[in-house]
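# Inside the fold
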Amino acid sequence: MNDLYIDGAWRGARSGATREIIDPLDQRVVRTVAEADVDDVREAIAAARRAFDETDWPRRPGAERGRLLGRLADAIEADRERLAGLETDDTGKTLVESRMDMDDIAGVVRYYAGLADKEGGEVVDAPMAGLRSVVHREPVGVCGQISPWNYPLLQASWKLAPALAAGNTIVVKPAELTPLTTIRVFELMEEVGFPDGVANLVLGAGVPVGAELASHPDVDLISFTGGIETGQQVMRSAADTVKNIALELGGKNPNIVFADADFDHAVDYALLAVFLHAGQVCSAGARLLVEASIHDEFVDAVVERTQRIVLGDGRDPKTESGPLISAEHRAKVEAHVARAIEDGATLRCGGRRPEDPALAAGFFYEPTVLTGCHPGMEIIQQEVFGPVLTVEAFDDEAQAVERANDTIYGLAGGIFTTDLVKAERVAADLRLGTVWINDFHPYFPQAPWGGYKRSGLGRELGRPGLEEYTETKHVATNLAPQRSGWFGTGQGAGA
Ligand code: NAD
């Protein structure tokens, strides 16, 4: 239970508190881990502060930091099977998905390893003679990094890799339900030789552990991925010390299918968009908008395939979808579906727990399709974060855009059509951070990720994901000093 990594050493919580980590497949206890409280977090912040203020870490050549990150990427690749197994134990997702996550994680760490020595300063052409103007990028300082349970290590990697590449020190807090892969990656970071205090790990509940990171005066930047209400709370906590803040929040992502789309391809992707990881994906295409002329036929095809989705143990290669993360989360999903039906939606399939006794101990919920939905319904406005697809019909392009934009969210969405000119026109009108055309879900380290509207602030991945972890400093040097004559000359200002 020595699972807190603070100042280069593993230890338990000062209070001795622990937490059981549960496999959502069968509720078995996978591991018991340390549960930090405020004192542990403060020690981690102090270690990160010392490593930033008193060691050469922030001033080391970027290439050196890049080499360490490169070694970490190698170590993650070598440890892929173990890491993927831990992610499946923690989240219930299929091993296929966990392995893909690990490949993506190694990829993102390698990408920022490569960028660590690429971002030099910039000379600006000053608009006055004799002035040399240089813009430098410097690390922000101590960064608190809080991640969610749906993509535990993936979301943490989008934060820790750029932060370390830029020369910051970090205190990472994974979601309390799913800390196992983050613990393992910290073991790998220790092995590859990150200096003491540069990367620290605290485990525990949002309050007090995450809240302390968001409010502590010695934390310069807080990066948070999670739900919108928690994000608002983090923003409030960060306000007193005016921290740099990055927020990746939820989504209610439209998937627009025009009548001229390739029918079978669009049906296939309608399922992929929403049911990946049992719908517990921030960018899940949970709102299907279908052009009215093909609506009935399209919905029939989607429902037919949805009913064939195989639920089960993520380690079984035949399984297509695992359980939800917890009993509480499943209860929330069930309540959303019940309210949608009260509001007039038609349940076409799912909407219940599976009857198979072999799944009874897991937090399973059948993939669900609800038709007859409209933007006035709560289910269209709120993120469900489960295997629930709502369907709305639209009449024309203008109505599709209007409806797609009609929520407080703006994370991602898809457009299916064979008319690429129309697709680009619609993409331009969507208030979303990512738009996929004839596809859904692809993301990669080179392209920025983040939300419009209340889906978040700032961007992860790509060069913007590194810039989040830098401050910009402008240094202007007068190369030909002359008397200014402004004050105390007795001749008036500026004479
Ligand atoms: P959550 O908001 O419940 O928790 C996220 C993290 O915040 C956890 O580590 C939690 O312990 C911590 N936390 C809770 N209260 C806190 C507080 N007061 N101060 C500081 N930290 C606190 O979210 P979740 O249920 O773990 O994750 C699901 C949500 O994450 C969904 O809304 C999903 O859309 C979102 N998400 C967004 C993205 C994205 O890229 N935009 C990616 C993944 C998940």
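Relevant structure appears above.
Residues numbered from 1 in each chain as written. Predicted model: local features only at pLDDT ≥ 70, side-chain atom pairs only at ≥ 80, totals over all residues. Heavy atoms only, no water.

### A short note on the overall build of the protein
- Helix and strand content of the protein: 15 helices and 20 strands.
- A compact globule built from 495 residues should have a C-alpha radius of gyration of about 23 Å, and the protein, at 25 Å, falls within 12% of that.
- Seen along its three principal axes, the alpha-carbon backbone of the protein occupies a region of about 85 × 55 × 40 Å.
- Taking all 495 residues of the protein together, the buried fraction comes to 55%.
- Intrachain contacts of the protein at a sequence separation of at least 6 include 73% that bridge at least 24 residues.
- Summed over its atoms, the accessible surface of the protein is roughly 20300 Å², and 50% of this surface lies on carbon and sulfur atoms.
- Placing the 48 positive and 76 negative side-chain charges of the protein at their respective mean positions leaves the two points 5 Å apart. (Helix = DSSP H or I, 4+ residues; strand = E, 2+ residues; numbered from the N terminus. Rg over C-alpha atoms; globule rule 2.2 N^0.38 Å. Buried < 20%, exposed > 50% of the residue type's maximum accessible area, 1.4 Å probe, protein only. Contact = heavy atoms within 4.5 Å. Areas by Shrake-Rupley, 256 points an atom, 1.4 Å probe, with all protein chains shown as cover. Lys, Arg positive; Asp, Glu negative; His and termini not counted. Charge placed at Lys NZ, Arg CZ, Asp CG, Glu CD.)

### Some thoughts on the site of the ligand
- Inspection of the region around the ligand gives 29 residues, with Trp149, Glu176, Thr230, Leu249 and Glu383 positioned closest.
- Within the contact set of the ligand, a nitrogen atom lies 2.7 Å away from a backbone nitrogen or oxygen of leucine 249.
- By residue number, the principal contributor to the shell around the ligand is helix α7 (residues 206-215), which donates four residues.
- Classifying every residue of the shell around the ligand gives 14 nonpolar, 11 polar and four charged. (Near = heavy atom within 4 Å. Polar contact = N/O pair within 3.5 Å; in protein donor to acceptor, adjacent residues only side chain to side chain. Nonpolar A, V, L, I, M, F, W, Y, C, P; charged D, E, K, R; others polar.)

### Here's the deal with the packing of aromatic side chains
- Under the criterion given, the structure shown has 13 aromatic pairs.
- Each ring, one from tryptophan 436 and one from phenylalanine 440, has its centre 4.8 Å from the other, and the planes form 45 degrees; the classification is tilted.
- Exposure remark for tryptophan 436: the relative accessible area of 6% places this residue in the buried category.
- Ring plane angle 40 degrees and centroid distance 6.3 Å describe the contact between tryptophan 486 and phenylalanine 487, whose orientation is recorded as tilted.
- Classification of phenylalanine 487 by relative accessible area gives exposed; the value is 74%.
- An aromatic cluster of at least three residues, connected via ring pairs, comprises Trp158, Trp436, Phe440, Tyr443 and Trp449. (Phe/Tyr/Trp six-rings, centres within 6.5 Å; stacked < 30°, edge-to-face > 60°.)

### Points about the side chain of arginine 11
- With respect to the helices, strands and loops of the structure, arginine 11 is situated in strand β2 (residues 9-11).
- Judged by relative accessible area, arginine 11 falls into the buried class, the value being 14%.
- Once residues lying within four places of it in the same chain are set aside, the contact partners of arginine 11 are Met1, Asn2, Asp3, Leu4, Ile6, Asp40 and Glu43.

### Here's the deal with the sheet that holds strand β20 (residues 470-478)
- Strand order in the open sheet formed by three strands is β5-β6-β20, with antiparallel pairing between adjacent strands. Each end of this open sheet is capped by a strand with a single partner; those strands are β5 (122-124) and β20. Adjacent strand axes in the sheet meet at a mean angle of 25 degrees, parallel and antiparallel pairs treated alike.
- As defined by bridge partners, β5 adjoins strand β6 (residues 131-139) across three bridges and the pair is classed as antiparallel. In the sheet register, valine 123 faces β6, and the bridge partner there is valine 134. (Pairing = 2+ DSSP bridges. Axes fitted to C-alpha atoms, helices over the stretch in contact; angles between N-to-C directions.)

### Re helix α13 (residues 397-404)
- Here α13 has its buried residues at Ala400, Val401, Arg403 and Ala404. Buried residues of α13, seen end-on, are gathered within an arc of 165 degrees and therefore sit on one face of the element. Exposed residues on α13 whose side chains face more than 90 degrees from its buried face are Ala398 and Glu402.
- Looking at the buried positions of α13, the neighbouring elements they touch are β12 (254-257), β13 (287-291), β16 (388-394) and α14 (420-429). (Arc of directions from axis to C-beta.)

### A closer look at the environment of arginine 82
- Checked against the element boundaries, arginine 82 lands in helix α3 (residues 80-91).
- When sequence neighbours within four positions are dropped, the list of residues in contact with arginine 82 reads Arg184 and Glu187.

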